[in-house]
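Commentary on secondary and tertiary structure
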Amino acid sequence: QVQLVESGGGSVQAGGSLRLSCAASGFTISNYYMGWIRQAPGQEREGVAAIESDGSTSYWNSVKGRFTISKDNAKNTLYLQMNSLKPEDTGMYYCAADRSVNFRWFLGITPTQGIGYWGQGTQVTVSS
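Only a predicted model underlies this, so the values are computations on that prediction, with no experimental measurement involved. (Residues numbered from 1 in each chain as written. Predicted model: local features only at pLDDT ≥ 70, side-chain atom pairs only at ≥ 80, totals over all residues. Heavy atoms only, no water.)

1. A few points about the state of the cysteines
Counted according to the given criterion, the structure contains 1 disulfide. Note on cysteine connectivity: C22 is disulfide-linked to C95, with sulfurs 1.9 Å apart. What sets the handedness of the C22 and C95 disulfide is the S-S torsion sign, and at about 50° it is right-handed. Within this pair, whereas C22 is found in strand β3 (residues 18-25), its partner C95 is found in strand β9 (residues 91-98), the two being separated by 73 residues in sequence. With relative accessibility at 1%, the residue C22 sits in the buried group. For C95, a relative accessible area of 0% gives the class buried. (Disulfide = S-S within 2.5 Å. Helix = DSSP H or I, 4+ residues; strand = E, 2+ residues; numbered from the N terminus. Buried < 20%, exposed > 50% of the residue type's maximum accessible area, 1.4 Å probe, protein only.)

2. Digging into the sheet that holds strand β8 (residues 77-82)
One open sheet holds the 4 strands; their spatial order is β1-β3-β8-β7, and the pairing between them is antiparallel. Across the chains shown, the open sheet's two edge strands, defined by having one partner strand only, are β1 (3-7) and β7 (67-72). With strand direction ignored, the average angle separating the axes of adjacent strands in the sheet is 15°. (Pairing = 2+ DSSP bridges. Axes fitted to C-alpha atoms, helices over the stretch in contact; angles between N-to-C directions.)

3. Details of the pairing of strand β5 (residues 46-51)
Within β5, 6 of the 6 residues are buried, which leaves the element mostly enclosed by the surrounding structure. Here strand β4 (residues 33-39) pairs with β5 via 5 bridges, running antiparallel. Bridged to R38 within β5 is E46. Between the antiparallel neighbours β4 and β5 lie 6 residues, among them G42 with a positive phi of about 75°. Where β5 and strand β6 (residues 57-59) come together, 3 bridges link them in antiparallel fashion. The residue of β6 that forms the bridge with A50 is S58.

Here's what the structure looks like:
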């Protein structure tokens, strides 16, 4: 059974940091494109960070320099380190995996293609 489970969300003040984790089971992330997608209240989902099987990373402009996506293949886990958080970062954060969809295609926009696996999401709230 395939599963992605996010954790690490919470409520922080502007300027604070959070580290999100996404533990995968039932498949090996080393052969998958991986990404983080967020959805603010009343807004559509948007891709914020992507990582490829070779470790290459990319970010949407609004989070570049503040967020870092990484993975630990040995632990089969994806991470998102979020620093200098802003109120506009508030939303539900999802991790996702796909064999053929590179999540860098959807930075700043809603993924429109079918995605193989989604996590349940973890809430991030940033207060001013």
